[in-house]
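Analysis of the macromolecular model
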Amino acid sequence: MSPKKADPTADELVAAAIGRASPKKVAKAPEKEAPAKAAEGKKTIRIRQIRSGIGCPIEMRETLRALGLGKMHRVTERKDTPEVRGMIRKIPHLVEVVE
């Protein structure tokens, strides 16, 4: 008995039908590690909700949600970025920065 040859793959069958050699297997390039971002070393700030968003315009309530708040006296920690600082400036009467 002779050992059986493995069944050809679909790619090999197509290549044989159109007269090409079987497709070469391309090795994947090694994955590069992502460079360390400067954001990882940034400070964080803790924000506490001190007033309810009830009765406030929808934009203010959405800003509370974007900061990760929504219930009274909850505290969340966010990266200290200009975007987060801007959100805090939009609703200073609803939140406070905790040291």
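Only a predicted model underlies this, so the values are computations on that prediction, with no experimental measurement involved.

**Focus: the sheet that holds strand β1 (residues 44-49)**
Spatially, three strands are ordered β2-β1-β3 in an open sheet, and the strand pairing comes out antiparallel. Whereas interior strands pair on both sides, the edge strands pair on one side only; in this sheet they are β2 (75-79) and β3 (95-98). Across the sheet, the mean angle separating the axes of adjacent strands is 35° when strand polarity is ignored. Both β1 and β2 contribute to a ladder of five bridges, which runs antiparallel. By the bridge assignment for β2, Ile45 is matched with Arg78. Those strands touched by helix α3 (residues 82-90) are β1, β2 and β3, and its axis lies near 20° from that of β1.

**A few points about unusual backbone geometry**
The phi dihedral of His73 is positive, around 65°, even though this residue is not glycine. Relative to the helices and strands, His73 is located in the loop between α2 (58-66) and β2. A relative accessible area of 57% places His73 in the exposed class.

**Things to note about the nonpolar core**
If you look at the biggest cluster of nonpolar residues, it comprises eleven residues: Ile45, Ile47, Cys56, Leu64, Leu67, Leu69, Val84, Ile88, Ile91, Leu94 and Val95. Sorting the residues of this core by element identifies β1 and α3 as the ones contributing at least two each. Not counting residues within four places of it along the chain, the set of residues in contact with Leu94 comprises Arg48, Gln49, Ile50, Arg51, Ser52, Cys56, Met60 and Leu64.

Conventions used here
- Residues numbered from 1 in each chain as written.
- Predicted model: local features only at pLDDT ≥ 70, side-chain atom pairs only at ≥ 80, totals over all residues.
- Heavy atoms only, no water.
- Pairing = 2+ DSSP bridges.
- Helix = DSSP H or I, 4+ residues; strand = E, 2+ residues; numbered from the N terminus.
- Axes fitted to C-alpha atoms, helices over the stretch in contact; angles between N-to-C directions.
- Contact = heavy atoms within 4.5 Å.
- Buried < 20%, exposed > 50% of the residue type's maximum accessible area, 1.4 Å probe, protein only.
- Core = buried A, V, L, I, M, F, W, Y, C linked by side-chain atoms within 4.5 Å.

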